[in-house]
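Architecture at a glance
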Amino acid sequence: MSGLLNVGTRALLANQTALQTAGNNIANVNTPGYSRQSVTLEAVLGQNIGGGYVGKGVNVAGIERTYNSFLTRQAALTQSVASMDATRATRMLQLEDLFPSGTAGIGSSLNDMLNGFSDAAASPGDLTARSTVLAKADALAMRFRDASQQLDDLATGTRQELGDSVKTINSLATRIATLNDQIARVASGTASPNDLLDQRDQLIQDLNGYVQTTTVPAADGTLGVFIGSQPLVLGTRTSTVSLAGNEYNDLSQLKLSINNGGLSVSLDENLLGGGSVVGLLRFNNVDLVDGRNMLGRMALAVTTAMNAQHHLGIDQDGNAGGDFFTAQTLPQGLAATSNLGTANVSAVVADPSAMVASNYQLRFGTGGAVEIVRLSDGQSSTFASMPATMDGLTFSATAGAQPGDSFLVKPFAAAAATIQTAFTSARGLAIASPVEARAGTANTGTVTVQGVQATQANANLTATVTLTFTGAGTFDVTGAGTGNPTGVTYTAGQPISYNGWEVTLKGTPQPGDTITVQLSTPGFRALDGGNATALMNLRDATMFDGASMADGYAGLIAQIGIRSQGVQYAAQVSGNIAATAASEKSAVSGVNLDEEAAKLLQFQQAYQASAKMIQIAQSIFDTLIDGLGR
């Protein structure tokens, strides 16, 4: 009787365990990281009774979790990449929103200002037209400053999120180390700590959402976690992750650093693989820098070109024009912390139309040689000495540079933040030309002056120059600075340029007809808008990578839009891949409620049958006792 009772008892307990396991699966169907568990049953070794072996029931061999290491690792890796792309895509949309198109954009405001000079040119003495130009210039400067401030806010938010993410990484590492300790203690026995293993796998998956990791199992059941090639968790020991600037202490270029045993090692962003932190780093180090440089270049080019042209004009009081916008002083280069010399590096604008939206690295060699690297694309040029001109910028250095010293120059970093108009009085607007052109009083042809304007600074700008026509299609030139050429071809409507001015004629001249270009007279200046026309014509001047000043902003938002679209597409693709990997993992390790419900019925029936077996054994035993007692 005792054998039957033992068989029934073992069966009852085994099926009770199976029911409890199925119920636990159902209870944890929505628990993140939970792996479905199943009971492994084994037959108890039978007893030899001579004629054969009699079974002694069933035992629970173990409770195993349904786990596939490859699918688990694949789900973590794909999620890491998806998290990186999604984070960067979200930030790119925010960056894109900072540069609106249409009437709300900087481009519309710039064109409004330049077009406003047409009214000033048509009515040079009208203070209302002059005031309108200044108001539009103030509006343009304000839009530049607003965009710069919003870039600053976006950068600050990005750095704050990076800081919070680094804290979370360190917290997850500590919790993984704690679970490693608990697992190592339990794993020394025969049972598998399924719930602890699930918790650790889920923490590692969470960690991969921030930064991609690799794991190495140890013999004691612990798991080593690595970022790049550096250990984050080894057994129960953890390293600390932090944010650091680059070698120039420039916060616009951040990187991850890991401290292991007192030794800090920088982690190459390009080798980290994925994670939201990597997405934020790439946005901060690349997208934000490029956006700021494009905006700053546009502000600096507009400021430089407008100021240069405004200097060539005459204001309403007869004074030479000053700065239209406040002059921009480019920031000094940032010295590397490893520099041994005492030199300082600076830059000035040489040609605004040749500028490239980029930061620059200067590396000093022997004998005063310097290599200048355009960081946006890695293009470099070597110069025998300083000053050196590259991409429309002239770089200079004070004495004291040592071989191996390097500097980071950010010429456009603050240009948009500081732009503003240089004066408030409409009378100070220099819209008159410093030179005037007069047709000779004895001319017999129909040639007349269509327009005259100064185009660039020149020592002989106001020197008297005479054009004497030798026929309907040629003329001779006399005057200081011209070289006195003869037989110059004349085409009506085609600008004629000497000494920094440009005159446009129309009509047909006769031999002996003359046009004289000279210093403008007060009467001429009061009625002239030649410099206003020159300022207006800047909208068509080639300025930004071959595009005109008027089209520069359209090019800026196009570049940001194209990049944003590429990032959005990458986020969509990597998100789909991550969803597929998670689905495949769930198909193996996840809880299927229908399957578990079927198991409940199966083990319920087995449990009831086991109980019936005990009941029958008890009844037989009672009958036997009753018979012996009579």
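Our structure is the block above this text.
Remember, it's a predicted structure, so these values are computed and weren't measured experimentally.

What follows covers the overall build of the protein chain. Scanning the protein chain from N- to C-terminus turns up eleven helices and 29 strands. By the compact-globule yardstick of 25 Å for 630 residues, the protein chain is too spread out, its C-alpha radius of gyration being 40 Å. Considering only C-alpha atoms, the protein chain reaches an extent of 160 × 50 × 40 Å along its principal axes. Within the protein chain, the fraction of its 630 residues that count as buried is 43%. Put simply, the protein chain shows about 28,900 Å² of open surface, and 52% of that area lies on carbon and sulfur atoms.

Considering all chains together, one arrives at three cavities of 30 Å³ or more under this definition. What lines the largest cavity is Gly33, Ser35, Arg65, Tyr67, Thr72, Asp198, Asp201, Gln202, Gln205 and Lys585. Here the element with the most residues in the lining of the largest cavity is helix α5 (residues 194-210); it accounts for four residues. Residue classes in the lining of the largest cavity are distributed as one nonpolar, five polar and four charged. In this structure, the second largest cavity spans a volume of roughly 50 Å³. What lines the second largest cavity is Met294, Arg297, Met298, Phe544, Gly552, Leu556 and Gln559. Contributions of two or more residues to the lining of the second largest cavity are made by α6 (276-311) and α10 (552-589).

The next subject is α5. Helical periodicity: at 3.6 residues per turn, an α-helix aligns residues three or four positions apart in one direction. Between its first and last C-alpha atoms α5 spans 25 Å; for 17 residues at 1.5 Å apiece the expected length is 24 Å, and the two agree. When you tally the buried positions in α5, you get 13 out of 17 residues, the bulk of the element.

Strands sit in the order β21-β26-β25 across an open sheet of three strands; the sheet is antiparallel. Single-partner strands in this sheet number two, and they are β21 (448-454) and β25 (496-498). Geometrically, the sheet is characterised by an average inter-axis angle of 20° between neighbouring strands, direction not taken into account. Taken together, the six bridges between β21 and strand β26 (residues 501-506) define a ladder with antiparallel strand orientation. Residue pairing across strands places Ala454 opposite Trp501, the latter belonging to β26.

This paragraph deals with the sheet that holds strand β20 (residues 435-439). Spatially, the five strands line up as an open sheet ordered β20-β27-β22-β23-β24, and their pairing is antiparallel. Either end of the sheet is taken by a strand with one partner, and the two such strands are β20 and β24 (488-489). Sheet analysis places strand β22 (residues 465-469) next to strand β27 (residues 514-519), joined by four bridges and oriented antiparallel. Following the sheet pairing, Thr468 is matched in β27 by Thr514.

Moving on, we come to the packing of helix α3 (residues 106-122) against α6. Two elements in contact, α3 and α6, have axes whose closest approach is 13 Å; the angle formed by their N-to-C orientations is 10°. Here α3 lies roughly parallel to α6, going by the angle between them. Of the residues in α6, those in contact with Ile106, Leu110, Met113, Leu114 and Phe117 of α3 are Leu295, Met298, Val302 and Met306. Its residues assigned to classes, the contact of α3 with α6 shows nine nonpolar, no polar and no charged.

Within the secondary structure, His310 is located in helix α6. The exposure class of His310 is buried, given its relative accessible area of 0%. Spatially, the C-alpha atoms of His310 and Ala430 are 6.1 Å apart, while their sequence positions differ by 120 residues. Aside from chain neighbours lying at most four places away, what touches His310 is Gly321, Gly322, Asp323, Phe324, Phe423, Gly428, Leu429, Ala430, Asn531 and Leu535.

Glancing now at the layout of surface pockets. Roughly 550 Å³ of volume is contained in the largest pocket. The set of elements that each furnish at least two residues to the lining of the largest pocket consists of β10 (254-260) and α6. Of the residues forming the lining of the largest pocket, the biggest block, five residues, is contributed by α6. Considering only residue class, the lining of the largest pocket consists of eight nonpolar, nine polar and five charged.

Per the counting criterion, the structure on display carries eight aromatic pairs. Pairing Phe364 with Phe407 gives two aromatic rings, centres 5.9 Å apart and planes at 80°, and the pair type is edge-to-face. Of this pair, Phe364 sits in strand β14 (residues 360-364) while Phe407 sits in strand β19 (residues 406-409), and the two are 43 residues apart along the sequence. Each of the two residues, Phe364 as well as Phe407, counts as buried. Each member of the aromatic cluster is reached from another via a ring pair, and the members are Phe117, Phe324, Phe325 and Phe423. Here the guanidinium or amino end of Arg65 rests over the ring plane of Tyr67, the centre of that ring lying 4.0 Å away.

Moving on to helix α9 (residues 530-537). Along α9, six of the eight residues are buried, which leaves the element largely enclosed by surrounding structure. Turning to α9, its buried residues are Gly530, Asn531, Ala532, Ala534, Leu535 and Met536. The elements touched by buried residues of α9 are α3, α6 and β21.

This next bit is on the pairing of β27. With five bridges connecting them, β20 and β27 associate as antiparallel partners. Note on β27: the bridge partner recorded for Glu436 is Gln518.

Take unusual backbone geometry next. That bond from Met386 to Pro387 is cis: its omega, 0°, falls within 30 degrees of zero. Structurally, the position occupied by Pro387 is in the loop between β16 (379-383) and β17 (388-390). Of note, Asn484 is a non-glycine position whose phi angle comes to about 50°, a positive value. The phi angle at Asp545 is positive, at roughly 55°, despite the residue not being glycine. Within the element layout of this structure, Asp545 appears in the loop between β28 (542-544) and β29 (547-548). The exposure class assigned to Asp545 is exposed, which follows from its relative accessible area of 54%.

Criteria and cut-off values
Residues numbered from 1 in each chain as written. Predicted model: local features only at pLDDT ≥ 70, side-chain atom pairs only at ≥ 80, totals over all residues. Heavy atoms only, no water. Helix = DSSP H or I, 4+ residues; strand = E, 2+ residues; numbered from the N terminus. Rg over C-alpha atoms; globule rule 2.2 N^0.38 Å. Buried < 20%, exposed > 50% of the residue type's maximum accessible area, 1.4 Å probe, protein only. Areas by Shrake-Rupley, 256 points an atom, 1.4 Å probe, with all protein chains shown as cover. 1 Å grid on protein atoms, 1.4 Å probe; cavity = no way out; pocket = protein on both sides within 12 Å on 5 of 7 lines; lining within 4 Å. Points joined across faces, edges and corners; volume = space filled by probe spheres on them. Nonpolar A, V, L, I, M, F, W, Y, C, P; charged D, E, K, R; others polar. Expected span 1.5 Å × (residues − 1). Pairing = 2+ DSSP bridges. Axes fitted to C-alpha atoms, helices over the stretch in contact; angles between N-to-C directions. Parallel < 35°, antiparallel > 145°, perpendicular 65-115°, else oblique. Contact = heavy atoms within 4.5 Å. Phe/Tyr/Trp six-rings, centres within 6.5 Å; stacked < 30°, edge-to-face > 60°. Lys NZ or Arg CZ within 6 Å of the ring centre and 35° of its normal.

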